[in-house]
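Remarks on the overall topology
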Amino acid sequence: MIYDIEYETMPREALEAIQIRRLQTTLQRVYTSVPFYRNKFQEANITPSDIKTLADLQRLPFTTKQDLRDNYPFNMFAVPMDTVVRIHASSGTTGKPTVVGYTARDVATWSTLMARALTAGGAGRGDIVHNAYGYGIFTGGLGVHYGAERLGASVIPVSGGNTKRQVVIMRDFKPTIITSTPSYALHLAEAAEEMGVGPESLSFKFGIFGAEPWSEQMRREIERKLDIKAMDIYGLSEVMGPGVAIECHEARNGLHIFEDHFIPEIVDPNTLEPLPYGETGELVFTSLTKEAFPVIRYRTRDITCLNPEPCICGRSHIRMHRVTGRSDDMLIIRGVNVFPSQIESVLMEIEEVEPHYQLVVDRHDNLDVLSVKVEVSERGFSDEVRGLQKLERRISKNIKELLGVSAEVKLVEPKTIQRSEGKAVRVVDNRQI
Amino acid sequence: MQQVEQISVFLENKSGRLSEVTAILSEAKVNIRALALADTSDFGVLRLIVDDTEKARKALKNNGFTVGKTNVVAVAVADRPGGLHEILMLLHSAKINVEYMYAFVRSSGDSAVMIFRFEKNQEAIELIQANGIRIIDGDQLYAL
């Protein structure tokens, strides 16, 4: 099924005509309303009217997460605050979150795109959506929620956590679609099994999973354990939230990017030169219809490639390969973005430890487990075990408060954190994804 | 000096770490007079009383260990049933908490020697002495 036949299957030529028109409108908007963009364009000696074709997009400067942080909280908004109806945020690199805003029309667009995504993933009217993405300032929960309502499906806003209650709901309410992070889906499947609720007592047909990297192997495991077809969804709050791209259940070979609303590019993360279709590099997005928070050539740091081949599902929109990595050191832990520098900022504020640390990420029972090794210093050393344990708990609490993820803190001896060429190895990711 | 200097060393729970400490001290010709190990699942704190605190501290620090220095109190405990109990009751009634304690390897005359770390070392010393119990000072102890 296709939610929006006209736009989703539009011939390339017509689609590109819409893109250039919308791009010009967006450029005018940011040039007039966002000092950051106006300055950047002026520095590059470009005005919106210089951008006459889609190829001209490459002349525009990039926008980075650092730029968003520098304009914290609302300086990237292109509309007056009294037209902003929703604010979301995601974690930033040093503790400041990246704040994004939506007008009523933005929320409506997002809902429509998410409805398209759910449809591509196999959902329709009459389906019951078990939405186990976290509700709150994170875009996952509400993004999927609004899309499901737009589609006319029934949503269970179950959010994350309270796994046993979720299993009871899955068994009794008989939801037909599940949406969550892939690791939580596996966790739910295992909890259900332990409670004696096998796939035969569940009614799921499809699952739509995203917000963290996952592998084909993990997909097969989810499919086997829940007896469903699992689809990959992509999105990020800076660009909109979930529903920027989705796999169609017909082909399940790459995620269709909703090109009538976003222009994707792939660039070499080192030279920033655009790369041709099929080559792997960093994904860059320009939004075409967003009012409150337009982005121009936003560097996602996600590594992927684009495939322009027509798809058997009938959609004309280009497909991106599943994200295979990052061009920075960001980790995604239980759907939460974590930068090593954030952990560092927590440690800097604690006098008793050195900012020598290592993050170790494991996956136990399909859930990400973050442990933080910190070198103990003489200042913080106490001859009482209790004092040291208290210090560990304090660090752990500060990390949880800043990042929203639980971390197990382990004090280690000085100079024991592995260093390579004098530089400490900050991250050890043992997850097989 | 009535209190006794104790050094403490942070140790990860890894095999061989303790013997590295003893090797360093042996090489530095430092004699261990008393020791106790407190541990959790991932780390431990080794507490030591040695004949030359400063030498031991330097040697361990030069080998990359985190070393702390704490003052503790050595108390001569009557070597008979109830000897330790009397002291603990005394402290309890004066509301002085014992952070930790361990036994000294050697005895002193007809008394056993216990090492205490109190919440308030000085108060504890005054209380114990006022009750006719002997405190063994640093110089005496290192030489025992």
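Residues numbered from 1 in each chain as written. Chains lettered and ligands numbered in written order. Predicted model: local features only at pLDDT ≥ 70, side-chain atom pairs only at ≥ 80, totals over all residues.

1. Structural notes on the sheet that holds strand 3 (residues 128-131) of chain A
Residues and elements named next belong to chain A. Which entries qualify depends on this criterion: Whether two strands pair depends on DSSP finding at least two bridges between them. Helix and strand definitions here come from DSSP, where helices need a minimum of 4 consecutive H or I residues and strands a minimum of 2 consecutive E residues; each element is numbered from the N-terminal end.
Reading across from one edge, 4-3-5-6-7-8-9-14-13 is the order of the nine strands in this open sheet, with mixed pairing throughout. Only two strands of the sheet have a single partner each, and these edge strands are strand 4 (154-156) and strand 13 (306-307). Alignment of strand 3 against strand 4, held across three bridges, turns out to be parallel. Following the sheet pairing, His-130 is matched in strand 4 by Ile-156.

2. Details of the pairing of strand 3 (residues 43-50) of chain B
Residues and elements named next belong to chain B. Going by this rule: Backbone-placed C-beta atoms define the burial measure: a residue is buried with 20 or more other C-beta atoms within 10 Å of its own, exposed with 12 or fewer, and partly exposed in between.
Judged by how many residues are buried, strand 3 sits mostly within the fold: seven of eight residues are covered. Where strand 1 (residues 4-12) and strand 3 come together, six bridges link them in antiparallel fashion. In the strand pairing of strand 3, Ser-8 is matched with Arg-47. With seven bridges joining them, strand 2 (residues 32-39) and strand 3 adopt antiparallel strand pairing. Looking across to strand 3, one finds that Ile-32 is bridged to Val-50. Hairpin geometry of strand 2 and strand 3 is characterised by an intervening segment of three residues between the two adjacent antiparallel strands.

3. Looking at the interface of chain B and chain A
Counted only if it meets this: Throughout, a pair of residues is in contact if the C-beta atoms placed from their backbones lie within 7 Å. Only Asp, Glu, Lys and Arg are considered charged in this grouping, and only Ala, Val, Leu, Ile, Met, Phe, Trp, Tyr, Cys and Pro are considered nonpolar; every other residue, Gly among them, is considered polar.
Each partner contributes residues to the interface: chain B has 14 residues there, and chain A has 16 residues. For the side of chain B that touches chain A, the per-class residue count stands at four nonpolar, six polar and four charged.

4. Notes on the sheet that holds strand 20 (residues 407-412) of chain A
Residues and elements named next belong to chain A. Formally: Each axis is a line fitted through C-alpha atoms, and for a helix only the stretch in contact is used; angles between axes span 0 to 180 degrees, taken between their N-to-C directions.
Spatially, 20-19-18-23 is the arrangement adopted by the four strands of the open sheet, whose pairing is mixed. With one partner strand each, in any of the chains shown, strand 20 and strand 23 (427-429) form the two edges of the open sheet. Going from strand to strand, the sheet's axes swing by 20 degrees on average, the running direction of each strand aside. By the bridge criterion, six bridges tie strand 19 (residues 367-376) to strand 20 in an arrangement that is parallel. By the bridge assignment, Ser-371 is partnered in strand 20 with Glu-408. Set on the sheet, helix 10 (residues 340-348) makes contact with strand 18 (353-364), strand 19 and strand 23; between it and strand 18 the angle comes to about 135 degrees.

5. Here we look at the pairing of strand 20 of chain A
What counts, and what does not: Crossover handedness is defined by viewing with both strands directed away from the observer: a clockwise path from the first strand over the helix to the second marks the crossover as right-handed.
Only one face of strand 20 of chain A is buried, namely the one carrying Ala407(A), Val409(A) and Leu411(A), since none of Glu408(A), Lys410(A) and Val412(A) on the opposite face is buried. Running through helix 11 (residues 385-403) of chain A, the crossover from strand 19 of chain A to the neighbouring parallel element strand 20 of chain A is right-handed.

6. Notes on the nonpolar core
Counted only if it meets this: Nonpolar cores are built from buried Ala, Val, Leu, Ile, Met, Phe, Trp, Tyr and Cys residues. These are joined into a set through C-beta atoms within 7 Å.
The biggest cluster of nonpolar side chains holds 89 residues, and the ones touching the most others in it are Leu118(A), Ala185(A) and Val244(A). Element by element, the count of residues in this core is highest for helix 5 (residues 104-120) of chain A, at seven residues. Leaving out residues up to four positions away in the same chain, Val244(A) has contacts with Tyr234(A), Gly235(A), Leu236(A), Val239(A), Ile257(A), Phe258(A) and Phe262(A). Core analysis: the next-biggest nonpolar cluster, separate from the first, contains 63 residues, Val374(A), Leu48(B), Val77(B) and Leu141(B) among them.

7. Observations concerning unusual backbone geometry
Residue and element names in this part refer to chain A. Put simply, Tyr-72 and Pro-73 share a cis peptide bond, and its omega is -10 degrees. For Pro-73, the location among the structural elements is in the loop between helix 4 (65-70) and strand 1 (84-90). For Lys-174, which is not a glycine, the phi torsion comes out positive at approximately 50 degrees. Mapped onto the elements of the fold, Lys-174 is located in the loop between helix 7 (163-172) and strand 5 (177-180).

8. Re the packing of helix 7 of chain A against helix 8 (residues 182-194) of chain A
All names here are of chain A. Let me state the cut-off plainly: Every angle not falling under 35 degrees, over 145, or within 65 to 115 is termed oblique; those three ranges are roughly parallel, roughly antiparallel and roughly perpendicular.
Taken N-terminus to C-terminus, the directions of helix 7 and helix 8 make an angle of 75 degrees; their axes are 9 Å apart at the nearest point. When the interaxial angle is binned, helix 7 and helix 8 end up roughly perpendicular. Side by side, helix 7 and helix 8 meet where Thr-163, Lys-164, Gln-166, Val-167 and Met-170 of the first sit next to His-187, Leu-188, Ala-191 and Ala-192 of the second. Class assignment for the residues of the contact of helix 7 with helix 8 results in five nonpolar, three polar and one charged.

9. Thoughts on the packing of helix 5 of chain A against helix 6 (residues 139-151) of chain A
All names here are of chain A. Packing of helix 5 against helix 6 leaves a shortest axis separation of 7 Å and a crossing angle of 75 degrees. Our classification of the angle between helix 5 and helix 6 gives roughly perpendicular. Contact residues: Val-107, Trp-110, Ser-111, Thr-112, Met-114, Ala-115, Ala-117, Leu-118 and Thr-119 in helix 5; Gly-143, Val-144, Tyr-146, Gly-147, Ala-148, Arg-150 and Leu-151 in helix 6. Along the lines of polarity and charge, the residues of the contact of helix 5 with helix 6 split into ten nonpolar, five polar and one charged.

10. As for helix 11 of chain A
Note the following rule: To estimate the expected span of a helix, count its residues, drop one, and scale the result by 1.5 Å. Summarising the geometry, the arc corresponds to the directions from the helix axis toward the C-beta atoms.
Taking 1.5 Å of rise per residue, 19 residues should cover 27 Å, and helix 11 of chain A covers 27 Å from first to last C-alpha, within 8% of that figure. Considered for burial, the residues of helix 11 of chain A that qualify are Leu388(A), Leu391(A), Glu392(A), Ile395(A), Ile399(A) and Leu403(A). On an axial view of helix 11 of chain A, the arc spanned by its buried residues comes to 100 degrees, and they lie on one face. Turned more than 90 degrees off the buried face of helix 11 of chain A, the exposed positions are Arg393(A) and Glu401(A). In this fold, the buried residues of helix 11 of chain A make contact with strand 17 (336-338), helix 10, strand 19 and strand 20 of chain A together with strand 3 of chain B. Directly after helix 11 of chain A, the chain includes Gly404(A), whose backbone phi takes a positive value near 75 degrees.

11. Section: the domain arrangement of chain A
Residues and elements named next belong to chain A. Keep this limit in mind: Where each domain starts and ends follows an automatic or database-derived domain assignment.
The domain architecture assigned to chain A consists of domain 1 (69-328) and domain 2 (336-429). Once you take the C-alpha centre of each, domain 1 and domain 2 turn out to be 30 Å apart. With nine residues of domain 1 in contact, the opposing surface of domain 2 contributes 14 residues. Across the side of domain 1 that touches domain 2, the residue classes break down as one nonpolar, seven polar and one charged.

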